[in-house]
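Analysis of the macromolecular model
Next come the chains, spelled out residue by residue.
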Amino acid sequence: MSSTGQSTEKGFTTMPSTKKVVDLQRDILQEPRANQSQILTTDHGVKVADTDNWLKIIGSRESESGKNGPSLLEDQIGREKIHRFDHERIPERVVHARGTGAHGYFKVFDDRASQYTFAPVLTDSSRTTPVFVRFSTVQGSRGSADTVRDVRGFAVKFYTEEGNWDIVGNDIPVFFIQDAIKFPDFVHAVKPEPHNDVPQGQSAHNNFWDFVGLQPESAHMVMWVMSDRGVPRSFRMMQGFGVNTFTLLNAKGERHFVKFHFIPELGVHSLLWDEALKINGQDPDFHRKDLSEAIESGAYPKWKFAIQAIPQSKEHDFNFDILDATKVWPQDDVPLQEIGELVLDRVVDEFFPETEQVAFCTSHIVPGIGFSDDPLLQGRNFSYFDTQISRLGVNWEELPINRPVCPVFNHNRDGKSRHRIVKSEVNYWPNRKDIGRPVTGEKGGYVEYAETINGTKQRARGPKFQEHFNQAQLFYNSLSAYEKAHLISAICFELSHCEDSVVYKSYIDVLNNIDFDLAKAVAVKVNGEMPTKPGRSNNGKRSKGLSQLDFMPKTPTVVSRRIAILISDGFDVVEMQAVRAAMTNAKAVCHIIGPRRNYIRPMGGQDVGPGVFADHHFDSQRSTLFDAIYIPSGKEHVETLAKNGRVVHWVREAFGHCKAIAAVGEGVDFLRDVVRLPGIDLFTPSRVQGSDEVVTSYGVVTTGKFSTPSAVTEVLNIAPDTKGFASNFAFQISQHRCYERELDGLTEQVAF
């Protein structure tokens, strides 16, 4: 992926500001303007005369004139430069090492949540709370690829007026384990195997599947990760979940258990597995670039913020334990309540001080929000704070990206990399000057909920924690036909990479407790033990909010969708510009792809100066990096495309990945006679050559011509059964993919 290039103007040149962005300005060294000079200095402020040559002895005798002699250790400038470089790296995160981030804001719609909490960040609609969000993968290192099959981290730091509140979540609402004591085992199992440090950035290996096969509480999470959720199209097109159960406390002292949700405005969409594999090599930074491209073009990513709330009195009214992190709260039982919106509208100024040094803690909460006895959360509260000290030092909360925007004062002192200077004679409480005194809850002090607990100290889990398959089955049943097919293929792929037969054969037993047909479908592919009867019956129960189809935008949109326009010399520039204008006006991002990155000449009689500048050439990009393809008309242009195998592969691959494809005039002939898409109904001359009739078949939109009058009269209407070429094309793009091609067996007839 690249920037929008010369074919698309960036809509925004300045980024919005929040209280946190203003706070960061005191630590930002601005880049000098073109007409200004910035003198190079050492870290201790001395101006540097030469940064290209180490201080050394140069021969002065006639026989050794100009000869290099030894370099001198007295060169403090050279030593500082090398020493600073040698120590630039800090320990990467053990998990979630690969990530990217952005600034934004959070607002609630009104005070509807006040029935559950008195926290102003969730009840005061006059506030705009600054946020920083970091997205990440879990398994791989900092240098791994973006589009691996994995859980995605979705961590949000709210810089509230009462202190920082962190939701340290994922794009999947459950987790692999119930109790935090198993976290080291899980991470060791999913990480590269210890004897050879392989594989990187994926779970398709013996140790992971061995662990989850012997730890059936992982079954539900495995279903989610092996579904399309494991390969999101974009960070902007995935949900976020707090995963753990927290609590809310209202002004009456009433407590509710709560789950946090982020629902993307653009819907929940994924890549196909073949596509994800290819992007890993073609553009390993695909998701990072996608986020920046959207923000910088003004298509700000947005999520609705929703909660699920359960009164404390109803904690035990369910057939599962609501504190079990391997379980969801089905929306049929506990509806979502949308209370606010999260918007990302500013990219970082420098990656390391912001994205790499940002640190999140589940223990960071504010008054009105509390913990539950979720055993995974209890361990995370300890672990996250501890790991930040390991990575960043004990004063990590003084780093610019981590410091609150509200006043901070306490008696903590010293430690490595201390930044804050406190001008005071006392550093303890109580003290004679009454400095740094605690305050009551009425004055904003954090007061824990007074809970009575009776029990016996023991290493055990409650009885409802012993059931592991009901919700895995509920999730599988709730998927659409194509989602189930993708999940089966994903498990088959993963188990096929397990070399130990004990591992891939035994996991069939786990699957057979979820669904008999699922277990058989996988067993036949991976040479597993073919089950003869179900491990348990499938009740067929489904629930809303589990299939990605449940989150399609109410109003179809092509905002931020990437469209590749394939052209060569002799294309119809008037038609192309009309289509591009229609898509760009709808906030899609169009890229011109041609035989060379230079000006491409239009067909005769169309005078547009030197032509249209191509952002990329055919060999430098692939269809995998775009959401749709459009081929304009033009006889000479199409004849050139027909002779280029790379272009033919572009279109066949896009077809195989179920993407929207559009063509006009001779472009339709190219699809019919050269690409030869199977089972697709295309516009034909017999339908009246050059007519404006639009034919749509399996996401392929074709017509005889798209003239200037057509473009002028067609108001882009992104809706089903719409009229007009551009509107039809836009609607097909808005549906993300035409998976009917897969289900009807068309994609498997094309080599891609």
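Refer to the structure printed above.
This one's a predicted model, so the numbers in the text were calculated from it and none came from an experiment. (Residues numbered from 1 in each chain as written. Predicted model: local features only at pLDDT ≥ 70, side-chain atom pairs only at ≥ 80, totals over all residues. Heavy atoms only, no water.)

Here we look at helix α12 (residues 481–496)
Heads up, the rule is: Numbered from the N terminus, helices here are DSSP runs of H or I no shorter than four residues, and strands are runs of E no shorter than two. Expected helix span is computed as 1.5 Å times (number of residues minus one). A simple rule labels every residue: compare its accessible area, found with a 1.4 Å probe on the protein chains alone, to the largest value its type can have, and call it buried under 20%, exposed over 50%, or partly exposed in between. By the convention used here, residues are in contact when the closest approach between their heavy atoms is within 4.5 Å.
For α12, with 16 residues, the first-to-last C-alpha span of 23 Å sits near the 22 Å given by 1.5 Å per residue. Looking at α12, one finds that the buried residues are Tyr482, Glu483, His486, Leu487, Ile488, Ala490, Ile491, Cys492, Glu494 and Leu495. Tucked inside the fold, the buried residues of α12 contact α5 (206–214), α6 (219–226), α11 (470–478), α13 (501–512), α14 (516–526) and α21 (740–743).

A look at the packing of aromatic side chains
Our working rule: Centres within 6.5 Å make a pair out of two Phe, Tyr or Trp rings, where for Trp the six-membered ring is used; the pair is then stacked when the planes are under 30 degrees apart, edge-to-face when over 60, and tilted otherwise. Charges are assigned to positions over rings by a cutoff of 6 Å between ring centre and Lys NZ or Arg CZ, combined with an angular limit of 35 degrees from the ring normal.
For the structure shown, the criterion picks out 32 aromatic pairs. Between phenylalanine 706 and phenylalanine 725 the ring centres are 5.5 Å apart and the planes differ by 50°, which places this aromatic pair in the tilted class. Of this pair, phenylalanine 706 sits in the loop between β21 (700–703) and α19 (708–713) while phenylalanine 725 is found in helix α20 (residues 725–734), placing the two residues 19 residues apart along the sequence. By relative accessible area, phenylalanine 706 is classed as buried at 5%. Under the relative-accessibility criterion, phenylalanine 725 is labelled buried at 2%. Members of the aromatic cluster, each reached through a chain of ring pairs, are Phe106, Phe135, Phe154, Phe158, Trp165, Phe235, Phe246, Phe260, Phe262, Trp303 and Phe305. The aromatic ring of tryptophan 273 is capped on one face by arginine 149, whose charged end is 4.8 Å from the ring centroid.

A closer look at the side chain of serine 560
So the rule is basically this: Two N or O atoms count as a polar contact when they lie within 3.5 Å, although within protein this holds only if one can serve as hydrogen donor and the other as acceptor, and sequence-adjacent residues are included solely when both atoms are side-chain atoms.
Mapped onto the secondary structure, serine 560 falls in the loop between α14 and β13 (562–566). Looking at serine 560, its side chain comes within polar contact range of the side chain of arginine 236, at 2.7 Å. Contact partners of serine 560, with chain neighbours within four places excluded, come to Arg236, Met237, Leu266, Ala299, Lys587, Ala588 and Val589.

Comments concerning the sheet that holds strand β19 (residues 660–664)
Strand pairing in a sheet relies on backbone hydrogen bonds, with the paired strands running either antiparallel or parallel. Worth spelling out the cut-off: Being paired, for any two strands, means DSSP has found at least two bridges between them. Lines fitted to C-alpha atoms define the axes, with helix axes restricted to the stretch in contact, and inter-axis angles between N-to-C directions lie between 0 and 180 degrees.
Taken together, the 7 strands give an open sheet; going across it, the order is β17-β14-β13-β18-β19-β21-β20, and neighbouring strands pair in mixed fashion. The sheet terminates laterally at β17 (616–617) and β20 (694–697), the two strands that pair on one side only. Where β19 meets β21, 4 bridges bridge the pair, whose relative direction is parallel. Residue pairing for β21: alanine 662 is matched across the bridge by valine 701. Contacting β18 (628–631), β19 and β21, helix α18 (residues 666–675) runs over the sheet at an angle of about 125° to β19.

Structural notes on the pattern of salt bridges
Rules: We define a salt bridge as a contact between a side-chain nitrogen of Lys or Arg and a carboxyl oxygen of Asp or Glu at a distance within 4 Å.
Throughout the structure, instances matching the rule amount to 42 salt bridges. Taking the shortest distance from any N to any O, the salt bridge between arginine 391 and glutamate 356 comes out at 3.3 Å. Residue arginine 391 is found in helix α10 (residues 375–392), and its partner glutamate 356 is found in helix α9 (residues 351–356); the two are separated by 35 residues along the sequence. Residue class for glutamate 356 comes out buried when judged on its relative accessible area of 1%. Among the salt bridges present, the one from aspartate 569 reaches arginine 596, with a minimum N-O distance of 3.0 Å. With aspartate 569 in the loop between β13 and α15 (573–585) and arginine 596 in the loop between β14 (589–594) and β15 (599–600), the pair connects residues that are 27 residues apart, well separated along the chain. Beyond isolated ion pairs, a larger network of salt bridges with shared partners links Lys20, Asp23, Arg26, Asp27 and Arg403.

Description of the packing of α12 against α14
Condition: Small angles under 35 degrees read as roughly parallel and large ones over 145 as roughly antiparallel, with 65 to 115 read as roughly perpendicular and the rest as oblique. With the far helix as reference, a near helix turned anticlockwise by less than a right angle produces a left-handed crossing, and one turned clockwise produces a right-handed crossing. Following the grouping adopted for this structure description, the nonpolar residues are Ala, Val, Leu, Ile, Met, Phe, Trp, Tyr, Cys and Pro, the charged ones are Asp, Glu, Lys and Arg, and the polar ones are all others, Gly among them.
Their axes nearest at 9 Å, the elements α12 and α14 cross at an angle of 40°. Between α12 and α14, the angle is such that the two are oblique. Crossing angle aside, the handedness with which α12 passes α14 is right-handed. Of the residues in α14, those in contact with Leu487, Ile488, Ile491, Cys492, Leu495 and Ser496 of α12 are Leu518, Ala521, Val522, Lys525 and Val526. Of the residues belonging to the contact of α12 with α14, the class tally is 9 nonpolar, 1 polar and 1 charged.

A short note on α20
Within α20, 10 of the 10 residues are buried, leaving the element largely enclosed by the surrounding structure. Regarding α20, the residues found buried are Phe725, Ala726, Ser727, Asn728, Phe729, Ala730, Phe731, Gln732, Ile733 and Ser734. Where the residues of α20 are buried, they touch β13, α15, β18, β19, β20 and β21. Within two residues after α20, histidine 736 carries a phi angle of roughly 75°, on the positive side.

Description of empty space enclosed by the protein
Keep this limit in mind: Points on a 1 Å grid over protein atoms alone make up a cavity when a 1.4 Å probe fits among them but cannot get out, and a pocket when they form an open set with protein on both sides within 12 Å along at least five of seven lines; lining residues each have an atom within 4 Å of a point. Grid points are joined across faces, edges and corners, and a volume is the space filled by probe spheres set on the points.
If you walk through the whole model with that rule in mind, you get 5 cavities of 30 Å³ or more. In this structure, the largest cavity encloses a volume near 160 Å³. Forming the walls of the largest cavity are 18 residues, and the residues nearest its centre are Pro173, Phe241, His261, Gln308 and Val328. If you tally residues by element for the lining of the largest cavity, the top one is strand β9 (residues 255–264), at 3 residues. Split by residue class, the lining of the largest cavity holds 9 nonpolar, 6 polar and 3 charged. Taken together, 13 residues make up the lining of the second largest cavity; nearest its centre are Asp150, Val151, Phe176, Val190 and Ser203. Grouping the amino acids of the lining of the second largest cavity by side-chain chemistry returns 8 nonpolar, 3 polar and 2 charged.

Notes on the nonpolar core
Inclusion rule: Working definition of a nonpolar core: buried Ala, Val, Leu, Ile, Met, Phe, Trp, Tyr and Cys residues. They are joined through side-chain atoms within 4.5 Å.
Ranked by internal contacts, the top residues of the largest apolar core, which has 54 residues, are Phe176, Trp209, Met223, Leu511 and Val522. Sorting elements by how many residues they give to this core places α6 first, with 7 residues. Excluding residues that lie within four positions of it along the chain, valine 522 makes contacts with Ile488, Ile491, Cys492, Leu495, Ile508 and Leu511. Within the second largest apolar cluster, 39 residues are counted, among which are Val108, Trp165, Met238 and Val258.

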